[in-house]
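Chain residues, written in single-letter form:
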Amino acid sequence: MVLAVVMGVSGCGKTTVGSRLAEKLGWKFYDADDYHSPANKKKMAEGIPLNDEDRIPWLCALHDILRREDSSRQDAILACSALKKVYRHILVSGASAIESNQPEQQGENAALKILFVHLDGPIDVIAGRLEKRREHFMPPELLKSQFDTLEPPSAPENFITISLEKSLPEIVLEIETAIFQGELFLE
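(A) Focus on the nonpolar core. Membership of the largest hydrophobic core comes to 51 residues, with the highest contact counts inside it found for Val5, Leu62, Leu78, Cys80, Leu91, Ile114 and Ile175. In terms of residue count, the dominant contributor to this core is helix 3 (residues 52-71) (six residues).

(B) Inspection of the pairing of strand 3 (residues 76-79) at higher detail. Burial of the side chains of strand 3 extends over both faces: Ala76 and Leu78 are buried on one face and Ile77 and Ala79 on the other. By the bridge criterion, four bridges tie strand 1 (residues 3-7) to strand 3 in an arrangement that is parallel. In the sheet register, Val5 faces strand 3, and the bridge partner there is Leu78. Across four bridges, the pairing between strand 2 (residues 28-31) and strand 3 is parallel. What sits directly across from Lys28, in strand 3, is Ala76.

(C) Focus on the environment of Ile175. Mapped onto the fold, Ile175 is located in helix 7 (residues 168-180). Taking the C-alpha atoms as reference, Ile175 lies 8.1 Å from Leu21; in sequence the two are 154 residues apart. Contacts of Ile175, omitting those with residues within four sequence positions, involve Val17, Leu21, Val117, Ile160 and Ile162.

(D) Representation of the packing of aromatic side chains. What the rule picks out here adds up to one aromatic pair. An angle of 65° between the planes, with centres 6.3 Å apart, marks the rings of Trp27 and Phe180 as edge-to-face. Of this pair, Trp27 sits in the loop between helix 1 (14-25) and strand 2 while Phe180 sits in helix 7; the two residues are 153 residues apart in sequence, bridging distant segments of the chain.

(E) Focus on unusual backbone geometry. Between Ala155 and the following residue, Pro156, the backbone shows a cis peptide bond with an omega angle of 10°. With respect to the helices and strands, the residue Pro156 is situated in the loop between helix 6 (143-149) and strand 5 (159-163). With a phi close to 45°, Ala82 is a non-glycine residue in the positive phi region. As for its position among the elements, Ala82 is in the loop between strand 3 and helix 4 (85-93). Overall, Ala82 belongs to the buried group, its relative accessible area being 1%.

(F) The side chain of Asp54, seen in detail. Here Asp54 lies in helix 3. For Asp54, a relative accessible area of 18% corresponds to the buried category. Within the structure, the side chain of Asp54 is placed 2.9 Å from the backbone nitrogen of Asn51, a separation counted as a polar contact. When sequence neighbours within four positions are dropped, the list of residues in contact with Asp54 reads Asn40, Lys43 and Pro49.

(G) Molecular detail of the pairing of strand 4 (residues 114-120). Among the seven residues in strand 4, six count as buried, and that is most of the element. Across five bridges, the pairing between strand 1 and strand 4 is parallel. Its bridge partner being in strand 4, Val6 is matched across the sheet by Val117. Sheet analysis places strand 4 next to strand 5, joined by five bridges and oriented parallel.

Definitions and limits used
- For every chain, the first residue of its written sequence is number 1, and the numbers climb from 1 along that sequence.
- Residues qualify for local features only when their pLDDT is at least 70, as the model is predicted, and side-chain atom pairs are given and counted only at 80 or more; totals for whole chains, interfaces and linings, by contrast, use all residues.
- Excluding hydrogens and water, the side-chain values take into account all heavy atoms of the structure.
- In this text, buried Ala, Val, Leu, Ile, Met, Phe, Trp, Tyr and Cys residues form a nonpolar core when linked through side-chain atoms within 4.5 Å.
- Burial classes: relative accessible area under 20% of the type maximum marks a residue as buried, over 50% as exposed, and values in between as partly exposed (1.4 Å probe, protein chains only).
- Starting at the N terminus, helices and strands are each numbered in turn, a helix being any DSSP run of H or I of at least four residues and a strand any DSSP run of E of at least two.
- Pairing between strands is defined by DSSP: at least two bridges between the two strands are required.
- Throughout, a contact is declared for two residues whenever any of their heavy atoms are within 4.5 Å.
- Pairing of aromatic rings covers Phe, Tyr and the six-membered ring of Trp, with a centre-to-centre limit of 6.5 Å; geometry is then stacked below 30 degrees between planes, edge-to-face above 60, and tilted otherwise.
- Under this definition, polar contacts are N or O atom pairs within 3.5 Å; protein pairs additionally need one hydrogen-donor-capable and one acceptor-capable atom, and for neighbouring residues in sequence, both atoms have to be side-chain atoms.

Following this line, the structure appears as structure tokens:
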């Protein structure tokens, strides 16, 4: 059973890659953008970056979705920016991650095993993609704030980093290969 979060800044291809991978593997797919509150969407549409207080309830709701899939032993992919280490920790551990002194929980509230797939690339390439995107609440003007906020995953996080400058089929195949070659935990 695998839970994967395709992550990165706005415009890096999270939804495209995640949905294509889920379709290819027959897994469930969730787009974190669908779970933002109307207030968050309005704020971003007005060019105001979200802060931690805006993101934490959203991330906790996403953790709950992943927890439900884990409990039902369902493979799932979530497309989510997950820009900061603490945000990824909330996806793994839920609200308990917010209280940093709380010990690792066991049993049904144990930390989820999640593979973070970081789609990485240069700001100019991503800016070009955002300029072409229509009907999205995230304006291109917020891209710099996303890069400023980004804390790329690092050990001991479970992650792979993939260049978004590869073709979509190459990216999907690289993720699929990493999952099934056992480079990652599968149980």
